[in-house]
Amino acid sequence: MIASQRHLFSIPEDVHYLNCAYMAPLSHAVSAAMVEGARLKEQPWTFFPQDFFSLVETFREKAGRLVGTSPDNLAVVPSVSYGLAVAAANLSLGEGRRVVTLGEQFPSNVYPWQELAQREGGEVIAVRREAEACWTAAVLDAIDADTAIVALPHCHWADGRVVDLVTVGEKCRNVGAALVLDLTQSLGAMPVDFDAVKPDFAVAACYKWLMGPYGIGILYVDPKHHGARPIEQNWINRAGSQDFTRLVDYRSDYQPGARRFDMGEKSNAPSMMGAGAALDFLLDHSVGQIAETLAYKTTRLAEKAAELGLTSAPVGKRAPHFLSLEFPDGLPDGLTEKLGEAKVFVSARGQSLRVTPHLYNTEADEEALLATLHKVLG
C-alpha cells in the first residue's frame, strides 16, 4: 500500500477532497513546473527552435511509459472531444450500421457518433446493464455483424462499473468493428493493456486521473491509422518543420507516427511541463500500485458505509478507484451541499454518491465523510 501523499499537495487538513473523478488537484511539483514553463516566455530569447519539439517529445515519452506503448502511437490533443473528432473523421459507419455505446455515457464519446450516424445513415445504440452487473455482458450482446464502431470507457463515469476491454476488443475484431475508447475516468488509476485491448483510438484528458492541468490530453492511435487524416493542418506536424529556415518549402508529408494528429500550438511550455510533472508522480508510484491502494481505500469506505445502510458494488464489478454509494430511499435532497458545509467534497451522479479518493487522502477524510453521512441520515 502507498502511504498518504498529502504533503505533496496544497490541501488544508480540514478539507476532505474525495472527488478526483471531478478534477484532480495539482501537486506542488505540477504547479511549480507550470510556473517554470510560463516564465520561459518572460525571456523568449532563451526559448530555442528545438524547444518547440523537445518539450512535447519529453511528455510523449513519459506518456508512452505510463500506458505501455511506443511514443510514436501517441498524439498530444487539447481535449477528449478533439481526439474523438480525429477518430470520427477517419472511421466509416455506413447506412444501416451501428455504433455501440453505454447507457448515459459521458457525452464527449456520444455526440461525434450521433453526428456521424446522422450524416451516414447509421444508428447509435446505448446498451443497458442488469442492475447488479458490470457493463461487459450488455456490450458483448450488442456487438454483431452490423456493428461498425464500439465507443466506450473503461469504467462508467457515473457508477464506476467496468467494461472488460480485452474481451470486448476481441469481439470487435471478430466482427470487423472499430474500438474507440474514452479513458478519462481510468487512465492513470487503473491499468490498461493496449497490446491486449488493441483499440483503434483511445483518448484521455489529463485533468482527472492523470493528475495534470486542464486543456491537454493524450490520444492513442493504432499504427494502422497512422496514415489517416488529421483534423487540422498545422505547420509543426509536417515533416522537416524542425528547420525554421525552410518552413515555406511546403511539404505534403508529416512527422512520423501519430504526431500528425497533434494539436496546433502544442509546444505550450506551462501545459507540457505541468502535465509531464504529473506523469512523473504516476510513474514514481506505478499505476498498478495506485490501483491497489485506491481499491483498499474504496473498499474500506464501502464496508463502513454499509453500516449506515448504503450499498455499493465490489471491486471487479466497479473500478478500484470508483465508489458509487446507493441509498435505500434515494439520494437525500441537498446531500452534497450539506457535505460541502462540512468541507467534505464528493459528487452526486444520478441517485448515487460518487466517492473517488486518491493518494492525497487520509483516514481523516474518510471519517469526515462517514460522520457527516451519519449525521444527515440520522
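Residues numbered from 1 in each chain as written. Predicted model: local features only at pLDDT ≥ 70, side-chain atom pairs only at ≥ 80, totals over all residues. Heavy atoms only, no water.

### Regarding empty space enclosed by the protein
Selection criterion: A pocket here means an open set of points on a 1 Å grid, computed over the protein atoms alone, that has protein on both sides within 12 Å along at least five of seven lines. A cavity is instead a set of points where a 1.4 Å probe fits but cannot get out; residues with an atom within 4 Å of a point line either one. Grid points are joined across faces, edges and corners, and a volume is the space filled by probe spheres set on the points. Under the scheme used here, helices are H or I runs from DSSP no shorter than 4 residues and strands are E runs no shorter than 2 residues, and both carry numbers assigned from the N terminus. When residues are grouped by polarity, Ala, Val, Leu, Ile, Met, Phe, Trp, Tyr, Cys and Pro land in nonpolar, Asp, Glu, Lys and Arg in charged, and all others, Gly among them, in polar.
Scanning the entire structure with this criterion turns up 1 cavity of 30 Å³ or more. Looking at the largest cavity, its volume works out to about 40 Å³. Together, Val67, Leu74, Leu183, Leu187, Phe194, Ala202, Val203, Ala204, Ile218 and Tyr220 line the largest cavity. Broken down by element, the lining of the largest cavity gets its largest block of residues, 3 residues, from strand β7 (residues 201–205). Looking at the lining of the largest cavity, its residues break down into 10 nonpolar, no polar and no charged.

### So, the sheet that holds strand β6 (residues 178–182)
Going by this rule: DSSP-based pairing: two strands are paired if at least 2 bridges between them are found. Angles shown run from 0 to 180 degrees and are taken between the N-to-C directions of axes, each axis being a line fitted to C-alpha atoms and, for helices, limited to the stretch in contact. Whether two residues are in contact is decided by their heavy atoms: any pair within 4.5 Å suffices.
With mixed pairing, 7 strands are arranged side by side in an open sheet as β2-β8-β7-β6-β5-β3-β4. At either margin of the open sheet sits one strand with a lone partner, and together these are β2 (74–77) and β4 (123–127). Direction aside, the axes of adjacent strands within the sheet are offset by 20 degrees on average. Pairing analysis gives 3 bridges linking strand β3 (residues 98–102) to strand β5 (residues 147–153), with the strands arranged parallel. Bridge assignment links valine 100 to a residue of β5, and that residue is valine 150. In the packing of helix α4 (residues 111–120) onto the sheet, the strands contacted are β3, β4, β5 and β6, and the crossing angle to β4 comes to about 140 degrees.

### Observations regarding helix α2 (residues 51–67)
This is how it is decided: To estimate how far a helix should reach, multiply one less than its number of residues by 1.5 Å. Relative accessibility thresholds used throughout: buried, under 20% of the residue-type maximum; exposed, over 50%; partly exposed, between the two (1.4 Å probe, protein chains only).
Relative to the 24 Å expected for 17 residues at 1.5 Å per residue, α2 spans 24 Å between its end C-alpha atoms, a close match to the ideal helical length. Those residues of α2 that fall on the buried side of the exposure criterion are Asp51, Phe53, Leu55, Val56, Phe59, Arg60, Lys62, Ala63, Gly64, Leu66 and Val67. Against the buried residues of α2 lie β2, α7 (194–197), β8 (217–221), α8 (269–285) and α9 (287–306). Taken from the residues just after α2, glycine 68 is the one with a positive phi, measuring 75 degrees.

### Structural notes on the pairing of β5
Consecutive residues of a regular strand have side chains that alternate between opposite faces of the sheet. For clarity, the threshold we go by: If you view a crossover with the strands going away from you and the path from the first strand over the helix to the second runs clockwise, you call it right-handed.
For β5, the buried fraction is high: 7 of the 7 residues fall into the buried class. Relative to β6, β5 runs parallel, the two sharing 5 bridges. The residue of β6 that forms the bridge with valine 150 is leucine 179. With helix α6 (residues 165–175) bridging β5 and the parallel β6, this β-α-β connection has right-handed handedness.

### A word on the packing of aromatic side chains
Spelled out, the test is: Stacked, tilted and edge-to-face are the three classes assigned to paired rings of Phe, Tyr and Trp, where Trp is represented by its six-membered ring and a pair needs centres within 6.5 Å; plane angles under 30 degrees give stacked, over 60 edge-to-face, the rest tilted.
For the structure on display, the rule yields 11 aromatic pairs. Centre to centre, the rings of tyrosine 17 and tyrosine 360 are 6.4 Å apart; their planes meet at 40 degrees, and the pair counts as tilted. Of this pair, tyrosine 17 sits in strand β1 (residues 16–17) while tyrosine 360 is found in the loop between β12 (352–355) and α11 (363–377), placing the two residues 343 residues apart along the sequence. Both residues of the pair, tyrosine 17 and tyrosine 360, belong to the buried class. With 6.3 Å between their ring centres and 65 degrees between their planes, phenylalanine 52 and tryptophan 235 make a pair best called edge-to-face. Highlighted residues: phenylalanine 52 in helix α2 and tryptophan 235 in the loop between β8 and α8, separated in sequence by 183 residues. The exposure class of phenylalanine 52 is partly exposed, given its relative accessible area of 26%. One aromatic cluster is present, formed by Phe9, Tyr17, Phe281 and Tyr360 through successive ring pairs.

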